Amino acid sequence: MSAKSVIENGKAMLGIEFGSTRIKAVLIDEEHNPIASGSHEWENQLVDGIWTYSIDSIWKGLQDCYQNMKKDVQKQYGVTVTKLAAIGFSAMMHGYMAFGEDDEILVPFRTWRNAITEEASEKLTELFQYNIPQRWSIAHLYQAILNGEEHVKDIRFQTTLAGYIHWMLTDRKVLGVGEASGMFPIDIATGQFDAGMVKKFDDAIADKGFSWKLLDIFPEVLTAGEEAGTLTEKGASLLDVSGELEAGIPLCPPEGDAGTGMVATNSVARRTGNVSAGTSVFSMVVLEKELSKVYPELDLVTTPSGDLVAMVHCNNCTSDLNAWVNIFKEFAESFGIDVDMNKLFGTLYNKAMEGDADGGNLLAYNYISGENITGMEEGRPLFVRTPNSKFNLANFMRVNLYTSLGALKIGMDLLLKEEKVKVDKLLGHGGLFKTKGVGQQILADAMNTPISVMETAGEGGAWGIAVLAAYMVKKNGESLGDYLNQQVFAGQAGSELAPNPEGVKGFDDFIQIYKAGLPIERAAVDSMKL
């Protein structure tokens, strides 16, 4: 069936993901091929010390993204989208969205980027004997309780960004298990919030006298493949302001960007993993067994089908790198040179590969925001060198690429070297890998593991959640792993790069300088106020 016929007959499936800087929609056909897309650029705001997106920007962004997808369909095929086989929503994980009796948000959305819950994180990790990172939803809730925030007593529902969108469009208060695992620990045996830890939390706050217990305000947890409601009339008009989209379309469980990244890279099976490198960077490795102890640097979450995953999450990746590239753009434009950004990125990234393996004794920190793995509650981007460092463009670019993976390297070394976790394949996706062979090689050297990049990985999480929507309606009893292997990725080969021994040693040398220099970053945070 042609793409036009697929769309006209309502057989296409839609995935929409809310990333940190872009909302993206991908429409796929019955063979999971992308046939149309749309996007909307947006940015978080620092308001009263809190990283947030307004409710208004969420809906305007979603509606613009959807309209841009419709325009793409009209331009390519000359038809209008009126019905779909399935829809899925995903978004950046974690954070805090709390709603009251009237379904209105009680305080501005607190995103994953906020490092403001240290006390709650430490106390809950001790209480549960399970690592609770600062960005997790339960840490935000408990910190609000510890702060004595007035709104907490009025909470009737707490969810994530993906859960909020899904709720508004379907009236269902649900989350996919992968997304839910970034709210609160999941019991792998049941696929639900860990009952023992839920009781410990309820007992810990019993003296506060709230009218609710945790499960009263948390969403229901669903596994990939389960139906998660249908698009209501109100939801259809919220998504498609033209009123052309019909209600009644089934939706899959809303997922987080970590889960959709695993789907997009076919990394949901044990001993597989992926690295998503964009505004933030995180690695996901599907485990064969529990870790031997609690590591503050390693989060335990799940795949969309409920398998245990070790996650190394770093708040910063390419933002500072992009800022430096924009400086070069300004420089070129000052000379009247019209700059093609793809060519500029490609030229500078490839220049990095000419640099010294250790970066020439240069040092950079890419901390636009705080970095939990290295204990920084705020960010101060820095570039530092000694008088005899080898300061040239190649080393400058190489070190800025290295530092984009610096915090990730610290966490992954715990997993691979301390815990001796076995990984058969690691796949990369995200903006860092757009310049062929550069980010991929540097990641391979950092991890000392072969890295593959698939063509489909470029479509990212929006394609991943569209595939999860397809799985819900087409699975025919298959597990998610089997479905991906047999129906989605069969015959697809990614390009693989092996680690370069010189590059491995060079990155190890750089990471020693990086660790030793952390007091410099600490001093910058303490002495240079926002």
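Conventions and cut-offs
Residue positions within a chain follow its written sequence, with the count starting from 1. With the structure being a predicted model, the display of local features is reserved for residues of pLDDT at least 70 and the display and counting of side-chain atom pairs for 80 or more, all residues being used for whole-chain, interface and lining totals. Excluding hydrogens and water, the side-chain values take into account all heavy atoms of the structure. Of the grid points, spaced at 1 Å and generated over the protein atoms alone, those admitting a 1.4 Å probe that cannot get out make up cavities, while open sets with protein on both sides within 12 Å along at least five of seven lines make up pockets; any residue with an atom within 4 Å of a point is treated as lining. Grid points are joined across faces, edges and corners, and a volume is the space filled by probe spheres set on the points. The nonpolar class holds Ala, Val, Leu, Ile, Met, Phe, Trp, Tyr, Cys and Pro. Asp, Glu, Lys and Arg form the charged class, and all remaining residues, Gly among them, are polar. For patch building, the residue pool is restricted to those with more than 30% relative accessible area and no salt bridge; the joining distance is 9 Å between like charges and 5 Å between nonpolar side chains (Val, Leu, Ile, Met, Phe, Trp, Tyr). A 1.4 Å probe and the Shrake-Rupley method give the accessible areas. Residues count as covered only by the protein chains that appear here. Salt bridge, as applied in this entry: a Lys or Arg side-chain nitrogen positioned within 4 Å of an Asp or Glu carboxyl oxygen. Positive residues here are Lys and Arg, negative ones are Asp and Glu, while His and the chain termini are left out of the count. In plain terms, the charge of a residue is placed at NZ if it is Lys, CZ if Arg, CG if Asp and CD if Glu. Put simply, DSSP marks the helices as runs of H or I at least four residues long and the strands as runs of E at least two long, and each gets a number from the N terminus on. Note on classification: 1.4 Å probe, protein chains only; a residue is buried when its accessible area is under 20% of the maximum for its type, exposed when over 50%, partly exposed between these limits. What makes two strands pair is DSSP finding at least two bridges between them. Here an axis means a line fitted to C-alpha atoms, over the contact stretch when the element is a helix, while the angle between two N-to-C directions is reported on a 0 to 180 degree scale. What makes two residues a contact is simply this: any of their non-hydrogen atoms within 4.5 Å. What is meant by a nonpolar core is a set of buried Ala, Val, Leu, Ile, Met, Phe, Trp, Tyr and Cys residues, joined one to another through side-chain atoms within 4.5 Å. Every helix has an expected span of 1.5 Å times one less than the residues it contains. N or O atoms closer than or at 3.5 Å make up a polar contact, with two conditions inside protein: a donor-capable atom paired with an acceptor-capable one, and, for residues adjacent in sequence, both atoms drawn from side chains.

Visitor: Sorry, what's going on with empty space enclosed by the protein here?
Guide: Where empty space is left in the structure can be found by rolling a water-sized probe over the atoms. A complete count under the given rule lists one cavity of 30 Å³ or more for this structure. Its residues assigned to classes, the lining of the largest cavity shows seven nonpolar, three polar and one charged.

Visitor: Would you explain a negative patch on the surface in this entry?
Guide: The grouping of Asp102, Asp103, Glu104 and Asp171 at the surface amounts to a negative patch. Position of Asp171 relative to the elements: it lies in the loop between helix H5 (161-170) and strand S9 (174-176). You can call Asp171 exposed: its relative accessible area is 56%.

Visitor: Could you clarify how one ought to interpret H5 in this entry?
Guide: For an α-helix, 3.6 residues make a turn, and residues three or four places apart therefore share a direction. Burial analysis of H5 places 10 of its 10 residues in the buried class, the great majority of the element. Phi for Asp171, located one or two positions after H5, is positive at around 70°.

Visitor: I tried to follow the sheet that holds strand S17 (residues 308-314) on my own but got confused; where do I start?
Guide: In a beta sheet, neighbouring strands pair by backbone hydrogen bonds and run either parallel or antiparallel. Ordered in space as S16-S17-S15-S14-S20-S21-S22, the seven strands form an open sheet in which the pairing is mixed. Pairing within the sheet leaves two strands with one partner each, and these edge strands are strand S16 (299-302) and strand S22 (495-497). In this sheet, adjacent strand axes meet at a mean angle of 30° when their direction is disregarded. Sheet topology note: the strand S21 (residues 451-453)/S22 ladder contains three bridges and is antiparallel. Each bridged residue has a counterpart across the sheet, and for Val453 the counterpart in S22 is Ser495. Contacting strand S14 (272-277), strand S15 (281-286), S16, S17 and strand S20 (425-429), helix H10 (residues 257-264) runs over the sheet at an angle of about 65° to S15.

Visitor: Would you mind going over the pairing of strand S6 (residues 86-91) with me for this structure?
Guide: For a regular strand, the rule is simple: side chains alternate between the two faces of the sheet. A large share of S6 lies buried, amounting to six of its six residues. Because side chains alternate across S6, one face comprises the buried residues Ala86, Gly88 and Ser90, and the other comprises Ile87, Phe89 and Ala91, equally buried. Here strand S1 (residues 13-18) runs beside S6; their pairing, made up of six bridges, is parallel. Each residue of the ladder has a partner; that of Ile16, found in S6, is Phe89. In this structure, S6 lies alongside strand S13 (residues 255-256), joined through two bridges in parallel fashion. For Ala91, the partnering residue across the bridge sits in S13 and is Gly256.

Visitor: Quick question: what am I supposed to make of the sheet that holds strand S3 (residues 34-41) here?
Guide: Spatial strand order, S3-S2-S1-S6-S13: five strands in an open sheet with mixed pairing. The open sheet terminates on both sides in strands that have one partner only, identified here as S3 and S13. Along the sheet face, helix H2 (residues 55-77) touches S1, strand S2 (22-28), S3 and S6 and points at about 145° away from the line of S3.

Visitor: Can you help me understand the nonpolar core in this one?
Guide: Looking at soluble globular proteins, one finds that nonpolar side chains tend to be buried together. In terms of nonpolar packing, the biggest core is built from 127 residues, with Ile138, Leu141, Phe184, Phe193, Phe201, Leu408 and Tyr514 touching the most fellow members. Per element, the largest residue contribution to this core is 10 residues, and it comes from helix H16 (residues 460-474). Residues contacting Leu141, with those up to four places away along its chain left out, are Tyr96, Val152, Ile155, Gln158, Phe201, Trp212, Leu214 and Ile217. Within the second largest apolar cluster, 47 residues are counted, among which are Ile16, Ala25, Leu62 and Tyr77.

Visitor: Can you walk me through the layout of surface pockets in this structure?
Guide: Computed from the structure, the second largest pocket encloses a volume of approximately 380 Å³. Every residue lining the second largest pocket is counted, 17 residues in all, and those nearest its centre are Glu118, Ser121, Gln134, Pro296 and Asn372. Here the lining of the second largest pocket takes four residues from helix H3 (residues 118-128), the largest share from any one element. Grouping the constituent residues of the lining of the second largest pocket by class yields four nonpolar, seven polar and six charged.

Visitor: Mind showing me how you'd approach the pairing of S2 here?
Guide: With six of its seven residues buried, S2 lies for the most part within the structure. In this antiparallel pair of consecutive strands, S1 and S2, the connection spans three residues. Here S2 runs beside S3; their pairing, made up of seven bridges, is antiparallel. Directly across from Ile23, in S3, lies its bridge partner His40. What sits between S2 and S3 in their antiparallel hairpin is a turn of five residues, with His32 showing a positive phi close to 75°.

Visitor: Is there a simple way to explain helix H13 (residues 393-404) in this structure?
Guide: In a regular helix each residue adds 1.5 Å, so 12 residues correspond to 16 Å; H13 covers 17 Å between its end C-alpha atoms and thus fits that length. For H13, the tally of buried residues reaches 11 of 12 residues, placing the bulk of the element in the interior. Taken as a whole, H13 has its buried residues at Ala394, Asn395, Phe396, Met397, Arg398, Val399, Asn400, Leu401, Tyr402, Thr403 and Ser404. If you check the start of H13, you find a side-chain oxygen 3.3 Å away from the backbone N of Ala394, and it comes from Asn392.

Visitor: Whenever I open this one, the side chain of Asp29 confuses me. Can you help?
Guide: Along the chain, Asp29 falls in the loop between S2 and S3. Buried and unpaired, Asp29 has no salt bridge, with Lys474 as the nearest side chain of opposite charge at 8.0 Å. Among the polar contacts made by the side chain of Asp29, one reaches the main-chain amide nitrogen of Glu31 at a distance of 2.9 Å. With near-sequence residues (within four places) excluded, Asp29 lies in contact with Val6, Met13 and Ile35.

Function cannot be read off these values alone, since they describe shape.
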